[in-house]
Amino acid sequence: FLEMLSRKIRSARLGIFYILGFDQAGRRKAPPPNPEEQEISGQTLKHIIMNALIQIALIVAFVFQCHHETYPKITAPPDYPGLGQPGGPVVQEAVPVIPFKRYPPGFDVWGPQADGTLSSRLAQTQLEKPYKFFVEIATYVYIGFALQYSFLRKFGYSTLSFGLLQATVAAQWGIIWMQMIDRFHCQYLLNKIDGGGVLSDFPCDQDFPAAAITGTFEQIQYRQACSCRLWNKIRSNQTMYSEFPHQSRHALLTIGKMNFFDTIIMTYPAMMEGLYATVPVQVTYGMMLGKVGPTQLMVCSIMCVLAYGLNFWLTMYVLGAWDHSGGACVVHVFGASFAVGCTVLASPKGASQNPDNAPRYNADVLCIVGVILNWMTFPSFNCYFVPAAAQQAVVVNTYLALFSSAVSAMVFSSLYSGQFKFDPADIQRSSIAGGVAMSSVANVLMQPWEAMVVGFLGGGRAARA
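Residues numbered from 1 in each chain as written. Predicted model: local features only at pLDDT ≥ 70, side-chain atom pairs only at ≥ 80, totals over all residues. Heavy atoms only, no water.

(A) The arrangement of the overall build of the protein chain in detail. Of the regular secondary structure elements, the protein chain holds 16 helices and two strands. Counting only residues that meet the buried cut, the protein chain has 46% of its 465 residues in that class. Taking contacts inside the protein chain between residues at least 6 apart in sequence as the whole, the part at least 24 apart equals 77%. When the accessible surface of the protein chain is summed, it comes to about 23700 Å², and 66% of that surface belongs to carbon and sulfur atoms. (Helix = DSSP H or I, 4+ residues; strand = E, 2+ residues; numbered from the N terminus. Buried < 20%, exposed > 50% of the residue type's maximum accessible area, 1.4 Å probe, protein only. Contact = heavy atoms within 4.5 Å. Areas by Shrake-Rupley, 256 points an atom, 1.4 Å probe, with all protein chains shown as cover.)

Here it is in structure tokens:
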């Protein structure tokens, strides 16, 4: 009886090991190689090692460059010097310098002033807390785009997993790169003063009336350059921020720094800059589905963020264009343009006739779910950097444009099909066209009916594409 019981226990043990994927000695069995899958994936040990090295490089960059914000923050002296006093403002003005760095409403690097009152930035009523925006925009970037691109018959799993891979790499690199862009712009402005540029004839100690705050673009750049010079001086002599608290505080705001060190401080705005830099990467990914492997996607995401930062700097910092809110040019148009260049290089001949690039029913249903997620969270993307007083109008107008574009997508899809039937591809790309169209005019106060017209035309045009 004992021998029979022992045999049954041993056979049951082997059966459990077999189900769990272990051999008789308890070692996990490697699955047999599938030549067909290896040929399709194209991944080798070198690719896996490169993927790991890219992430390790990003971790090393964070080790030397990024730190958490310290608490308590740098405190100002008990009382700010008054008007005309040493270290105080020379003229009465609310914000001496217009920052080139963009901020969400209700954000200030120093917090309340010494007398307990709020600065002009902190006094703004926030539409919602920053973390709510972070969650919604992260949903837009990581879930919405991934599901929206899952329509291909054979690449549904790789679309979701590879999309998460490249988006996480892009966000990490974007956090660092966008802070480096701010540093680079400060050096660019200083060269205009110290390098014999067009602003070299103006002394930084010149008094400015309040009207000069919103002067010409060159005047604003000059004052920003003076803030960069002041930050360099305080970095060399840390005691200056207690001697010049008023100027020091606004120097930090102007150049987008949190302290007078060369490190990157991790805050919600820094994280959001990384997420915004990830959006053109995800737009590019939509045209690379099924054509490249994960290693190529990681390299492509790093290159895309690099080009995005340079385009952002040239468009908004150097040329002075206003595209902070919806990012129609620096995000959507740039992402589409970068994607066209990538797909021309990556697409093999006959890719359009490949049966693996065709959609299937279940994948189209999942794709519609991603479209709805993007549809729901698009207003948060458009309004995050909008001033608090205009956030409600941007949210309402974006939703009205999305309502209209969704109806327009259904109508024009039925007309263009020739059989009065909905085409899933039209619905997928046209339903959120209203949000993209509104991103180009998010900083313009439009009437509700105008937003609906913009959304309707955008949805109809996208359905025709």
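(B) Up close: helix α6 (residues 217-236). Given a rise of 1.5 Å per residue, 20 residues ought to cover 28 Å, and the 29 Å separating the end C-alpha atoms of α6 matches this to within 8%. All of the buried residues along α6 are I220, Q221, Y222, R223, Q224, A225, C226, S227, C228, L230, W231 and I234. (Expected span 1.5 Å × (residues − 1).)

(C) Spatial organisation of the packing of helix α9 (residues 268-285) against helix α10 (residues 294-318). The interhelical angle for the contact between α9 and α10, taken along N-to-C directions, is 130°, at an axis separation of 9 Å. Taken together, α9 and α10 sit at an angle that is classed as oblique. α9 and α10 meet at a crossing whose hand is right-handed. Contacts from Y276, A277, P280, V281, T284 and Y285 of α9 reach α10 at L297, C300, S301, C304, V305 and Y308. Partitioning the contact of α9 with α10 into residue classes produces 10 nonpolar, two polar and no charged. (Axes fitted to C-alpha atoms, helices over the stretch in contact; angles between N-to-C directions. Parallel < 35°, antiparallel > 145°, perpendicular 65-115°, else oblique. Left-handed = near helix turned anticlockwise from the far one by under 90°. Nonpolar A, V, L, I, M, F, W, Y, C, P; charged D, E, K, R; others polar.)

(D) Focus on the packing of aromatic side chains. Summed over the entire model, instances satisfying the criterion amount to 25 aromatic pairs. Between the aromatic rings of Y131 and Y268, the centroid separation amounts to 6.2 Å while the plane-to-plane angle is 50°, which identifies the pairing as tilted. Separated by 137 residues along the polypeptide, Y131 in helix α4 (residues 130-148) and Y268 in helix α9 bring together distant segments of the chain. Taking relative accessible area as the criterion, Y131 reaches 48% and is therefore assigned partly exposed. Their ring planes at 15° and their centres at 4.6 Å tell us that Y276 and F381 sit as a pair that is stacked. Here F381 lies in helix α12 (residues 361-383) and Y276 lies in helix α9, a separation of 105 residues in the sequence. As far as burial versus exposure is concerned, Y276 and F381 are alike and both buried. Lying across the ring of F133, K132 places its NZ or CZ 5.9 Å from the centre. (Phe/Tyr/Trp six-rings, centres within 6.5 Å; stacked < 30°, edge-to-face > 60°. Lys NZ or Arg CZ within 6 Å of the ring centre and 35° of its normal.)

(E) Summary view of the side chain of S439. For S439, the location among the structural elements is in helix α15 (residues 433-439). Judged by relative accessible area, which is 1%, S439 ranks as buried. A distance of 2.4 Å separates a polar atom in the side chain of S439 from the backbone oxygen of V436. In this view, S439 contacts D323, G326, G327, A328, H332 and N382; residues no more than four positions away in its chain are not counted. (Polar contact = N/O pair within 3.5 Å; in protein donor to acceptor, adjacent residues only side chain to side chain.)

(F) Local environment of the environment of V141. Looking at where V141 falls in the secondary structure, it is placed in helix α4. What makes V141 buried here is its relative accessible area of 0%. Taking the C-alpha atoms as reference points, V141 and V281, 140 residues apart in sequence, are found 9.6 Å from one another. Setting aside residues no more than four positions away along its own chain, V141 makes contact with L275, T278, V279 and Q282.

(G) View of the side chain of K257. Mapped onto the elements of the fold, K257 is located in the loop between α8 (245-255) and β2 (264-266). No salt bridge is formed by the buried K257; its nearest oppositely charged neighbour, D262, is found at 5.2 Å. A polar contact is formed between the side chain of K257 and the backbone oxygen of T263, at a distance of 3.0 Å. (Lys, Arg positive; Asp, Glu negative; His and termini not counted. Salt bridge = Lys/Arg side-chain N within 4 Å of Asp/Glu carboxyl O.)

(H) Broad picture of the nonpolar core. In this structure, I137, Y276, V279, Y308 and F381 are the most contacted members of the largest nonpolar core, which totals 82 residues. A total of 12 residues in this core trace back to one element, the largest contributor, which is helix α5 (residues 156-194). If we ignore the near neighbours within four places in the chain, the residues touching Y276 are R102, I137, Y308, S325, V331, S380, F381, Y384 and F385. (Core = buried A, V, L, I, M, F, W, Y, C linked by side-chain atoms within 4.5 Å.)

(I) Region of interest: α8. Taking burial as the measure, the 11 residues of α8 include 10 buried ones, the bulk of the element. Taken residue by residue, α8 has P245, H246, S248, R249, H250, A251, L252, L253, T254 and I255 as its buried positions.

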